[in-house]
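Remarks on the overall topology
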Amino acid sequence: MAWTKYQLFLAGLMLTTGSLNTLSAKWADTFSAKGCKDNPEHSFSHPFVQAVGMFLGELSCLAAFYILLCHDRRRPEPKMNPASFNPLLFFAPAMCDMTATSIMYVALNMTSASSFQMLRGAVIIFTGLLSVAFLGRRLLTSQWLGIFITIVGLLIVGLADFFSGHKDDHKLSDVITGDLLIIMAQVIVSVQMVLEEKFVYKHDVHPLRAVGTEGFFGFVVLSLLLIPMYFIPVGDFGNNPRRVLEDALDAFCQIGHQPLILLALLGNTVSIAFFNFAGISVTKEISATTRMVLDSLRTLVIWVVSMGLGWEQFHGLQVLGFLVLLLGTALYNGLHRPLLARIPCCAGMVTEEEENSSGERERLLNNSTVQADAES
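Overview of the structure. (Residues numbered from 1 in each chain as written. Predicted model: local features only at pLDDT ≥ 70, side-chain atom pairs only at ≥ 80, totals over all residues. Heavy atoms only, no water.)

Judged by nonpolar contacts, the single largest core of 64 residues is most densely connected at Phe44, Leu222 and Ile261. In this structure, Phe65, Leu69, Leu208 and Val211 belong to the second largest nonpolar core, which totals six residues. (Core = buried A, V, L, I, M, F, W, Y, C linked by side-chain atoms within 4.5 Å. Buried < 20%, exposed > 50% of the residue type's maximum accessible area, 1.4 Å probe, protein only.)

Structurally, Gln254 can be placed in helix 9 (residues 248–257). Reaching out from Gln254, the side chain makes a polar contact with the side chain of His46 at a distance of 3.0 Å. Excluding anything up to four places from it in sequence, Gln254 contacts Ala33, Lys34, Gly35, His42, Ser43, Phe44, His46 and Ile261. (Helix = DSSP H or I, 4+ residues; strand = E, 2+ residues; numbered from the N terminus. Polar contact = N/O pair within 3.5 Å; in protein donor to acceptor, adjacent residues only side chain to side chain. Contact = heavy atoms within 4.5 Å.)

Turning our eyes to something else, we now look at the state of the cysteines. Taken as a whole, this structure holds one disulfide when the rule is applied. Here Cys36 is linked by a disulfide to Cys253, with a sulfur-sulfur distance of 1.9 Å. In this structure, the disulfide formed by Cys36 and Cys253 twists by about 95° around the S-S bond and is classed as right-handed. A residue pair is termed long-range when its members are at least 10 positions apart, and Cys36 in the loop between strand 1 (32–33) and strand 2 (42–43) and Cys253 in helix 9 qualify at 217 residues. Since its relative accessible area comes to 18%, Cys36 is described here as buried. By relative accessible area, which is 24% here, Cys253 ends up partly exposed. (Disulfide = S-S within 2.5 Å.)

Geometry of a packed helix pair, given as the angle between the helix axes and the separation of the axes. Look at helix 5 (residues 123–134) against helix 6 (residues 141–164): their axes get within 9 Å of each other, and the N-to-C directions meet at 145°. In this structure, helix 5 meets helix 6 at a crossing whose hand is left-handed. When helix 5 is examined against helix 6, the residues Ile124, Ile125, Gly128, Leu129 and Val132 are found in contact with a partner set consisting of Trp144, Gly146, Ile147, Thr150, Ile151 and Leu154. Considering only residue class, the contact of helix 5 with helix 6 consists of eight nonpolar, three polar and no charged. (Axes fitted to C-alpha atoms, helices over the stretch in contact; angles between N-to-C directions. Left-handed = near helix turned anticlockwise from the far one by under 90°. Nonpolar A, V, L, I, M, F, W, Y, C, P; charged D, E, K, R; others polar.)

Along the chain, Leu20 turns up in helix 1 (residues 5–29). What makes Leu20 partly exposed here is its relative accessible area of 43%. With 255 residues separating them in the primary sequence, Leu20 and Phe275 have C-alpha atoms 9.3 Å apart.

With that settled, the discussion passes to the packing of aromatic side chains. The full count for this structure, using the stated rule, is five aromatic pairs. Pairing Phe91 with Phe217 gives two aromatic rings, centres 5.4 Å apart and planes at 90°, and the pair type is edge-to-face. With a gap of 126 residues between them, Phe91 in helix 3 (residues 91–108) and Phe217 in helix 8 (residues 207–229) connect regions that are remote in the sequence. Members of the aromatic cluster, connected to one another through ring pairs, are Phe91, Phe216 and Phe217. The aromatic ring of Tyr230 is capped on one face by Arg242, whose charged end is 4.0 Å from the ring centroid. (Phe/Tyr/Trp six-rings, centres within 6.5 Å; stacked < 30°, edge-to-face > 60°. Lys NZ or Arg CZ within 6 Å of the ring centre and 35° of its normal.)

The following block contains the structure:
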């Protein structure tokens, strides 16, 4: 069935804003400007400030939820269910989101935008393993195969960074560290997803409310943590003049000297808000499978735009790694089943067990919140 104009708009909005989210964050990292007290010009390296902006974008989803709720109440037959729930259920997932997002913004300073996006595909490995260990789920053969292929894809992307890191704007040691940090962050994201599935989804919370509530906790806690971070020395790890964990004042001074940094940060905040809305709407209006496909396609967009802007060079191994990761993600999420079902000789391979598992996965995706990471 052909898509409507509204569905095409939603798909385009999700692909565009999802790509802008990573590209705007990387754009901010490319700037250099003077800091406070006439500090010499230095690169804008403030991952925790960027993470606060990302959570502000998620928090705006809470405002969108209440706007939709008020609009829905004016209808003769309200459709939204504002059932009461304990917001503290979202605190633990929000802290996982905060930790993972902060780590990934640190890593984005060290590696390329395309590798950053590709390596985030590691989340299916740890989510699958944790769901087996803590949720008692049984993975299908195709899902185990998808996990294995994803591991191979990650190794290929890692090799591409190893052989090409010194040719780009990053030192090889930084690239390797950044890649490892991204993978470590996916472990935390997986814990977040398992916590959400175990304790949150059974309460039938609207996705916009879930995203907004996690954004609220992440924004408040990380904003408060910026205060002690200003005084914690970390040596060369702190890529700022005072060599502290995060110098928020230096970030504001750099923004004052180079207003384009503010534009990049606003792009990150606004894009994550619209990306959340578009992702939820695509799941509702089209399907969760389409959402997964679009989420994979934005990796390709980020890679092409990064090369067009001269942020990175073409590397054949990276292309191969992307294709392998795409194949692993497709197998894990069951995107191969509709294709097999159309082939007479393979139709029997789609067993009743697989169909039930596919339906369960669709339900989980329909209830899932969007990863910011930072989607997120």
